Every structure is written in C-alpha cells, then in structure tokens.
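Read off the chains here:
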Amino acid sequence: MSYVNLKEVLRNTKNQKFAVGAFNFNGYEDVQGIVNAASHLNAPIIVAASMSVVRYFGLKQIVGLVRGIAEAVDIPVCLHLDHSTSVDLCKEAIVAGFGSVMIDASAKSYEDNIHDTVEVVQFARKYGASVEAEIGHVGGVEDNIVVSKEDALLTNPSDAQKFYEATKVDALAVAIGTAHGFYKKEPKIDFERLQTIRNLVPCHLVLHGGTGVPDKDFKRCVDCGMSKINVGTELKKVYTDTIRNQCAVVSRQEIDPKKLTKQVKTNIEDAVMKKIITFGSDDKI
Ligand SMILES: [Zn+2]
C-alpha cells in the first residue's frame, strides 16, 4: 500500500478531522527520519521535494529514493513536488513517478493560474497523480510586505470557489496569514476566512508556512478543516544544526561520514513526530 498519491494520503482527513504533514527534505537522512517518524506513529505522510531539491537530485533519483524507503514501511507515503512554477516540470515529475505535484501559478493573473492548473490537472489524471494549486499569495518573510497590503494578498473565498469549479484540483493552498520561512512576529491567522473557504470549496485545503505557527493555531486550522500542512524551514534548521553540532563533537580522526550524518535521522524523526501528534495524524492509517 505504501506509495500513494495525495488524494489517497489525505482520504480520511476531512471526516476524521486531522491533517497530514508535508515535510520538505534535502537529503537521504531527513527523508528516512520523516518516514521513520510516521511509521512509528502509524501516520500517513507526505514527503515534499522543492524545485531546488529537484535540481540537486534529479527527478528519477528522488522517485527511486522515496519509493524505496516507502516500500520498506506499512504506512501510506506520498511523494509530492512542492511549489513548481513550471507546468513542464510538473509533467516531468508525474512521468518520473511522483504521486502528486503542486503547480504554483499564484504569482500570475487569476486567468493564467486557472489555465496552468487545468493543464496540469488534465495531464495528471492520465497517470493517477494528484494536483495542488495555490490561490492568493503565501508570502515569505523576505518579501517585506507592508502590513496594510497583507490583507489584499489573502485568498478571496469566492475566487477560491470559482477557481475550484474551473480546475477541479485535488488540493488548494490558501493564504490565510501564514508565511514561508521564520517569523519575525507571531503570525495572525484569519480563521474566519478559512472557515468561509472551507464551506465553499470541496477539495482538500493546504496550509503553507507551517514553521513557527503555535500548536494551538495548527489545531484550530485542523478543526476548521485544513487537510495538509507544509513544514519546510524548521526541518532545514534541524538538519544543518545537527551537522554543525556533530562536526564539533565527533573526533577529527573519524573518517566514517555516517558518524556525522546519522544523528540527522534521529533529530528529524523527533521533530516530525511532534508535528504528527499536533496535526492529529497519528494512528490514522
Ligand atoms: Zn509553500
């Protein structure tokens, strides 16, 4: 059962009120740590590759790695392409064996966003892959958006409804006040907006910018019907902090690279287990 598409991995999220974490990886150790965490907790899991990771690994290499790891466990694992701004890359990832892709044309006009998304959805259907799109703008902290303009970038509920009707996408990322990267101040999530979108849009909803969101806000998002929560930045920090720390504590005479890297698996596993419990996806397979 192990290697599945996004629709399958999110199947029970709405009726059982939990969200599945989508965790970005950057190497072998963190993928293994993410999947180990889910396996220990009997949780469905999504591992997500960014475009920069695709450039670093190659699509086929990623599919081989993740499929191999997924086949060794008894939980559903979905391999997802995160934030692809390219329609062609989405198609290539689907052909290579990704179970899910995100076409992110949210920076384009509303019409072009629909156009790109429909093209990817039609292609994905032929392969049994799932598609996520984004409407509104989930900013990055580096964006330096002035507060008065933040509201205008949030997802408009009726636009989201029309977008879904036009695209029939499997999952939709909505902008409700979170941002990518680390927060300088605590994010202010617009739960009312989320609730309105939830009532209008029947597909799965996705929260981006999960790093630094307080647990109580995650839980409220899940209660409001959020099905997928993305966590990237936090795990990057765990990975690099662990390597730096291991370099400091392991003897300089040690030449087994695994002595430096194996702790990454454990530390990522611990971080991911905490998130799985917060999102309520433990024992949900
Ligand atoms: Zn994102």
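Before reading on, note that the structure itself is shown above.
Residues numbered from 1 in each chain as written. Predicted model: local features only at pLDDT ≥ 70, side-chain atom pairs only at ≥ 80, totals over all residues.

Next up on the list: the overall build of the protein. A tally of regular secondary structure across the protein gives 13 helices and 9 strands. In terms of overall size, the protein behaves like a compact globule, its C-alpha atoms giving a radius of gyration of 18 Å where 285 residues would be expected to give roughly 19 Å. With the principal axes as the frame, the protein shows a C-alpha extent of 60 × 45 × 35 Å. Counting over 285 residues, the protein shows a buried share of 47%. (Helix = DSSP H or I, 4+ residues; strand = E, 2+ residues; numbered from the N terminus. Rg over C-alpha atoms; globule rule 2.2 N^0.38 Å. Buried ≥ 20, exposed ≤ 12 C-beta atoms within 10 Å, placed from the backbone.)

A separate point is the pairing of strand 4 (residues 77-84). In terms of burial, strand 4 is a largely internal element, 8 of the 8 residues being buried. With 2 bridges joining them, strand 1 (residues 3-4) and strand 4 adopt parallel strand pairing. Residue Val4 lies in a different strand from strand 4, and its bridge partner there is Cys78. Pairing geometry for strand 3 (residues 45-49) and strand 4, over 5 bridges, is parallel. (Pairing = 2+ DSSP bridges.)

The subject of this paragraph is helix 10 (residues 191-200). Every buried residue of helix 10 is accounted for by Arg193, Leu194 and Ile197. One side of helix 10 holds all its buried residues, which, seen down the axis, span an arc of 100°. Seen from the buried face of helix 10, the exposed residues on the opposite side, beyond 90 degrees, are Glu192 and Asn199. In the core, the buried residues of helix 10 are packed alongside helix 9 (157-167), strand 7 (171-174), strand 8 (204-207) and helix 11 (215-223). (Arc of directions from axis to C-beta. Contact = placed C-beta atoms within 7 Å.)

As a further point, take helix 7 (residues 110-127). One turn of an α-helix holds 3.6 residues; hence residues three or four places apart share an orientation. Along its 18 residues, helix 7 runs 26 Å from first to last C-alpha, staying within 8% of the 26 Å computed at 1.5 Å per residue. Of all the residues in helix 7, the buried ones are Asn113, Ile114, Asp116, Thr117, Val120, Val121 and Ala124. The arc enclosing the buried residues of helix 7, seen along the axis, measures out at 170°, which places them on a common side. Away from its buried face, by an angle of more than 90 degrees, helix 7 presents the exposed residues Glu111, Asp112, Gln122 and Lys126. As for helix 7, its buried residues are in contact with helix 6 (87-96), strand 5 (100-103), strand 6 (130-135) and helix 9. At the exit of helix 7 stands Gly128, carrying a positive phi of roughly 75°. (Expected span 1.5 Å × (residues − 1).)

Right, let's get into the nonpolar core. Of all hydrophobic cores here, the largest spans 83 residues; its most connected members are Ile34, Ile45, Val47, Val101 and Leu172. It is helix 13 (residues 257-279) that provides the largest number of residues to this core, a total of 6 residues. When residues no more than four places from it in sequence are discounted, the contact partners of Ile34 are Phe23, Phe25, Ile45, Val47, Ile268 and Val272. (Core = buried A, V, L, I, M, F, W, Y, C linked by C-beta atoms within 7 Å.)

To continue, consider the environment of Val73. One can find Val73 in the loop between helix 5 (59-71) and strand 4. The partly exposed category is assigned to Val73, around which 16 C-beta atoms lie within 10 Å. Taking the C-alpha atoms as reference points, Val73 and Ser2, 71 residues apart in sequence, are found 6.8 Å from one another.

Our next topic: the packing of helix 12 (residues 233-249) against helix 13. Orientation of helix 12 relative to helix 13, taken along the N-to-C sense of each, is 145°, at an axis distance of 9 Å. The two elements helix 12 and helix 13 cross, and the hand of that crossing is right-handed. For the pair formed by helix 12 and helix 13, the contact residues are Glu234, Leu235, Val238, Tyr239, Thr242, Ile243, Gln246 and Cys247 on the first element and Leu260, Gln263, Val264, Asn267, Ile268 and Ala271 on the second. Looking at the contact of helix 12 with helix 13 residue by residue, the class counts come to 9 nonpolar, 4 polar and 1 charged. (Axes fitted to C-alpha atoms, helices over the stretch in contact; angles between N-to-C directions. Left-handed = near helix turned anticlockwise from the far one by under 90°. Nonpolar A, V, L, I, M, F, W, Y, C, P; charged D, E, K, R; others polar.)

Turning to unusual backbone geometry, a few remarks are in order. In this model, Lys17 sits at a positive phi of 50°, which is unusual for a non-glycine residue. Along the polypeptide, Lys17 turns up in the loop between helix 2 (13-16) and strand 2 (20-24). Note on Lys17: 14 C-beta atoms within 10 Å, which makes it partly exposed. Notably, His83 is not glycine yet its phi reads approximately 45°, a positive angle. With respect to the secondary-structure elements, His83 resides in strand 4.

What follows is about the pairing of strand 8. Along strand 8, one buried face is formed by His204 and Val206 and the opposite face, lined by Leu205 and Leu207, is buried too. The sheet contact formed by strand 7 and strand 8 spans 3 bridges and is parallel. Within strand 8, the position partnered with Ala173 by the bridge is Val206. Read as a crossover between parallel neighbours, the route from strand 7 over helix 10 to strand 8 is right-handed. (Right-handed = clockwise from strand over helix to strand, strands pointing away.)

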